[in-house]
Amino acid sequence: FTTRIYHPNVKSDDGSICADVYQANWAPTLNIRYVIETVLSILMQPNADHAVEPEIAQLMLNDEAGYLARAREWTRNYAQ
């Protein structure tokens, strides 16, 4: 991603996503629909077990309100 995203499965500094998403089940027969659905699933359902940002994952698990507030703050600051 080029826009910064506050998400446990997206690297804050470079926008990359958890490698397991596209490496574990990758095959030449997979199509763009699979890739898009997988990325959407990650964005809609954060997974702390596969976090590339452990601090964000901990906040999400221990203080959901704080996590959501920080995510809203990042959205205001970076998604314009």
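### So, the overall build of the chain
So, point 1. For the chain, the helix and strand inventory stands at 4 helices and 0 strands.
So, point 2. Counting from the amino terminus, the chain carries its helices and strands in the arrangement α-α-α-α.
So, point 3. On the principal axes, the C-alpha backbone points of the chain span a range of 40 × 30 × 20 Å.
So, point 4. Looking at the chain as a whole, 24% of its 80 residues are labelled buried.
So, point 5. Taking contacts inside the chain between residues at least 6 apart in sequence as the whole, the part at least 24 apart equals 63%.
So, point 6. Summed over its atoms, the accessible surface of the chain is roughly 5700 Å², and 52% of this surface lies on carbon and sulfur atoms.

### Some words on helix α2 (residues 32–44)
So, point 1. For α2, with 13 residues, the first-to-last C-alpha span of 18 Å sits near the 18 Å given by 1.5 Å per residue.
So, point 2. One side-chain oxygen of the residue at the start of α2 lies 3.1 Å from the amide nitrogen of R33, identifying that residue as N31.

### Some words on a nonpolar patch on the surface
So, point 1. Taken together, the side chains of W26, I32, V35, I36 and L40 present a nonpolar region at the surface, about 490 Å² in accessible area.
So, point 2. If you trace the backbone, W26 turns up in the loop between α1 (19–23) and α2.

### Comments concerning the environment of A48
So, point 1. Note on placement: A48 falls in the loop between α2 and α3 (54–62).
So, point 2. The exposure class of A48 is partly exposed, given its relative accessible area of 22%.
So, point 3. Once the C-alpha coordinates of A48 and F1 are considered, the two residues, 47 residues apart in sequence, prove to be 19 Å apart.
So, point 4. Not counting chain neighbours up to four residues away, the residues in contact with A48 comprise A57, M60 and L61.

### So, the pattern of salt bridges
Oppositely charged side chains can pair when the atoms bearing their charge come close.
So, point 1. Tallied over the full model, the rule gives 2 salt bridges.
So, point 2. Measuring nitrogen to oxygen at the nearest pair gives 4.0 Å for the salt bridge that ties E53 to K11. On the criterion of sequence distance, the pair formed by E53 in the loop between α2 and α3 and K11 in the segment before α1 is long-range, its members being 42 residues apart.
So, point 3. Overall, the relative accessible area of 11% leaves E53 in the buried class.
So, point 4. A salt bridge links R33 to E37, with the nearest nitrogen and oxygen atoms 2.9 Å apart. Taken together, the residues span about one helical turn, with R33 and E37 both in helix α2 at a distance of 4 residues.
So, point 5. According to the relative accessible area criterion, R33 is exposed, its value standing at 58%.
So, point 6. Take E37: its relative accessible area is 42%, and that puts it in the partly exposed class.

The rules behind these values
Within any chain, residue numbers begin from 1 and follow the written order of that chain's sequence. Per-residue local features of the predicted model are confined to residues with pLDDT of at least 70, and side-chain atom pairs are confined, for both listing and counting, to 80 or more; whole-chain, interface and lining totals are unaffected and use all residues. In computing side-chain properties, one takes all heavy atoms of the structure into account and sets aside hydrogens as well as water. Helix and strand labels come from DSSP, where a helix needs a run of H or I of at least four residues and a strand needs a run of E of at least two; each type is numbered from the N terminus. Each residue is assigned to one of three classes by its accessible area relative to the maximum for its type, calculated with a 1.4 Å probe on protein chains only: buried under 20%, partly exposed between the two thresholds, exposed over 50%. Throughout, a contact is declared for two residues whenever any of their heavy atoms are within 4.5 Å. Computed with a 1.4 Å probe, the accessible areas rest on the Shrake-Rupley method; for each residue, only the protein chains presented here act as cover. By this rule, a helix spans an expected 1.5 Å times one less than how many residues it contains. What qualifies as a polar contact is a pair of N or O atoms within 3.5 Å, subject to a donor-acceptor requirement within protein and to the restriction that residues adjacent in sequence count only when both atoms come from side chains. Within the patch definition used here, like charges are joined within 9 Å and nonpolar side chains (Val, Leu, Ile, Met, Phe, Trp, Tyr) within 5 Å, considering only residues with over 30% relative accessible area and no salt bridge. One side-chain nitrogen of Lys or Arg within 4 Å of one carboxyl oxygen of Asp or Glu is enough to make a salt bridge.

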